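Below, each chain spelled out in residue letters.
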Amino acid sequence: MDLNLRTSELDFSIILVTYNSEDFIRECLESIYNTIKNTKFSFEVIVVDNNSQDATVKMLRDFPEVKLIKNKENLGFSRANNLAFENSKGKILFFLNPDTKIISSEIFEEVYKIFSTNSGIGAIGVKLVDEKGKAALSGFSFEPWWSAILSLLSMQFIDFRIIKDEHLLKKINNLNHPVEVDWVSGGAMFISREVYSKVSGFDSNFFLYSEDVDICKRIKDRGLKILFLPYIYVLHYTSHSSKNFERRIDYRYRSLLLYAAKHYKKWRYFLYKISLILNAIEKLLFTIIFGKFIFNTYEFSVRKVNYKKALKFLINEKSRENKKEVL
């Protein structure tokens, strides 16, 4: 990969998208500066804030070197990252979740070396480890359409992709060399500026979820490889990621449908859409019948509302061809 692009003045552009991220953004930024300062690389840190309603932006004032882009509304993950790209100068783009912590400068040294010496690399991901030191699934395999449908119909009690990828993670977890995979998590993803530009960045129609799978699919369709580095890890606070999940249910369904619209054949798309509708009905009924015994009053109410919203969208969504209407 050519890392001597004329338009690139820096080695790395480290990009974070924040939305009510006050609990973790300080530690994340400090970990970035504390590790990369030990390297020879030039870099910039860009934070795009999606109209946070907490103290995130106020806290960012303690980091005057950060290039802050403040949005007046929540543009979603993809559009915010694309906006950061338009204002970046790095040869390598590092998309990083704010609820993470960089542990070692090795992450920058290794990624730069790989991109510099391998022309066929499209994207690189690293291992995400939770607070207890357990490695989480950080991408890996594209799910076959039939497997995705079976998973939906079983309410995800049987998930062939998860079973396959957890088995793979056990095999590769302690390896000291890169492993080629189908996709890597957008929570800690490196893409060269050249490749990101060629695939036109993240698809801005994805508001939240599946955008990382989609961009990796488009990168691989160009004949480039996606690498996972099991010997380098980033700490990921999973408790923060699951916070307010109830509000994101609707986005999950919309993104799954958009991905299918883009990458499945027509008849497979329609079968998948029917499965999504049945899944939403199953989960709504489960929430109505058992939710009061499992969730608190707030979680119960929000889950019920969002499953209804998702179901209404799935039933009323007509167009497969005009994918912009999906989100």
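The notes below deal with the structure included here.

Criteria and cut-off values
- Each chain carries its own residue numbering, running from 1 in the direction its sequence is written.
- Under the rules for a predicted model, residues below a pLDDT of 70 receive no local features and side-chain atom pairs below 80 are neither given nor counted, while totals for whole chains, interfaces and linings still include all residues.
- By convention in this description, side-chain values take in all heavy atoms of the structure and omit both hydrogens and water.
- Labels follow the DSSP assignment, with helices taken as runs of H or I lasting at least four residues and strands as runs of E lasting at least two, numbered in each case from the N terminus.
- Each radius of gyration reported is based on C-alpha atoms, and the globular scaling rule is 2.2 Å times the count of residues to the power 0.38.
- The cut-offs for exposure are 20% and 50% of the maximum accessible area for each residue type, with area from a 1.4 Å probe on protein chains only; residues under the lower value are buried, those over the upper are exposed, and the others partly exposed.
- Contacts between residues were defined by any pair of non-hydrogen atoms, one from each residue, lying within 4.5 Å.
- Here the open area of atoms and residues is found with the Shrake-Rupley method and a 1.4 Å probe, where only the protein chains shown may cover a residue.
- Only the stretch in contact is used when fitting a helix axis, every axis being a line fitted to C-alpha atoms; angles between N-to-C directions are given from 0 to 180 degrees.
- Convention used here: angles under 35 degrees read as roughly parallel, angles over 145 as roughly antiparallel, angles from 65 to 115 as roughly perpendicular, and any remaining angle as oblique.
- Crossing handedness follows the turn of the near helix against the far one: under a right angle anticlockwise gives a left-handed crossing, and clockwise gives a right-handed one.
- Polar here means any residue other than Ala, Val, Leu, Ile, Met, Phe, Trp, Tyr, Cys and Pro, which are nonpolar, and Asp, Glu, Lys and Arg, which are charged; Gly is therefore polar.
- Here a salt bridge means any side-chain nitrogen of Lys or Arg lying within 4 Å of a carboxyl oxygen belonging to Asp or Glu.
- Under the convention used throughout, the expected extent of a helix is 1.5 Å for every residue step, that is, one less than its residue count.
- Note that the arc is defined by the directions from the helix axis to the C-beta atoms.
- Polar contact is defined as a pair of N or O atoms within 3.5 Å, subject to the rule that within protein one atom must be able to donate a hydrogen and the other to accept it, and that residues adjacent in sequence are counted only when both atoms are side-chain atoms.

With that settled, consider the overall build of the chain. Helix and strand content of the chain: twelve helices and twelve strands. Computed over the C-alpha atoms, the radius of gyration of the chain is 20 Å, within 12% of the 20 Å expected from 2.2 N^0.38 for a compact globule of 327 residues. Principal-axis analysis of the C-alpha atoms places the extent of the chain at approximately 55 × 45 × 40 Å. Residues classed as buried in the chain amount to 54% of the 327 residues present. Pairs at least 24 apart in sequence give 78% of the contacts found in the chain among residues at least 6 apart. When the accessible area of the chain is evaluated, it comes to approximately 15,700 Å², of which 52% is carbon and sulfur surface.

Here we take up the packing of helix H11 (residues 266–294) against helix H12 (residues 297–316). Two quantities define a packed helix pair, namely the angle between the helix axes and the distance between the axes. Between H11 and H12, the shortest axis-to-axis distance is 9 Å and the interhelical angle comes to 160°. It follows from the interaxial angle that H11 and H12 lie roughly antiparallel. Along this stretch, H11 crosses H12, giving a crossing that reads as left-handed. Between H11, through Lys 273, Leu 276, Ile 277, Ala 280, Ile 281, Lys 283, Leu 284, Thr 287, Ile 288, Gly 291 and Lys 292, and H12, the contact on the second element is made entirely by Phe 300, Arg 303, Lys 304, Tyr 307, Lys 308, Leu 311, Leu 314 and Ile 315. Here the residues of the contact of H11 with H12 are counted per class, giving eleven nonpolar, two polar and six charged.

So, on to the pattern of salt bridges. Close approach of charged atoms allows side chains with opposite charge to pair. Inspection of every chain in the model, using the stated rule, returns 15 salt bridges. A salt bridge links Lys 89 to Glu 9, with the shortest nitrogen-to-oxygen separation between them at 3.8 Å. With Lys 89 in the loop between helix H3 (76–86) and strand E4 (90–96) and Glu 9 in the segment before strand E1 (10–18), the pair connects residues that are 80 residues apart, well separated along the chain. We classify Lys 89 as partly exposed; its relative accessible area is 35%. Salt bridges sharing partners connect three or more residues here, namely Asp 203, Asp 214, Arg 218 and Lys 262.

This next bit is on helix H6 (residues 160–172). The end-to-end C-alpha distance of H6, which contains 13 residues, comes to 18 Å, matching closely the 18 Å that a straight helix rising 1.5 Å per residue would cover. All of the buried residues in H6 are Arg 161, Asp 165, Leu 169 and Ile 172. Burial along H6 is one-sided: seen end-on, the buried residues are contained in an arc of 75°. Opposite its buried face, H6 presents the exposed residues Ile 163, His 167, Lys 170 and Lys 171, each directed more than 90 degrees away. The secondary structure elements touched by the buried residues of H6 are strand E7 (135–136), strand E8 (139–140), helix H5 (145–153), strand E9 (179–181), strand E10 (183–184) and strand E12 (225–236). The opening residue of H6 is Asp 159, an N-cap whose side-chain oxygen sits 3.2 Å from the backbone nitrogen of Arg 161.

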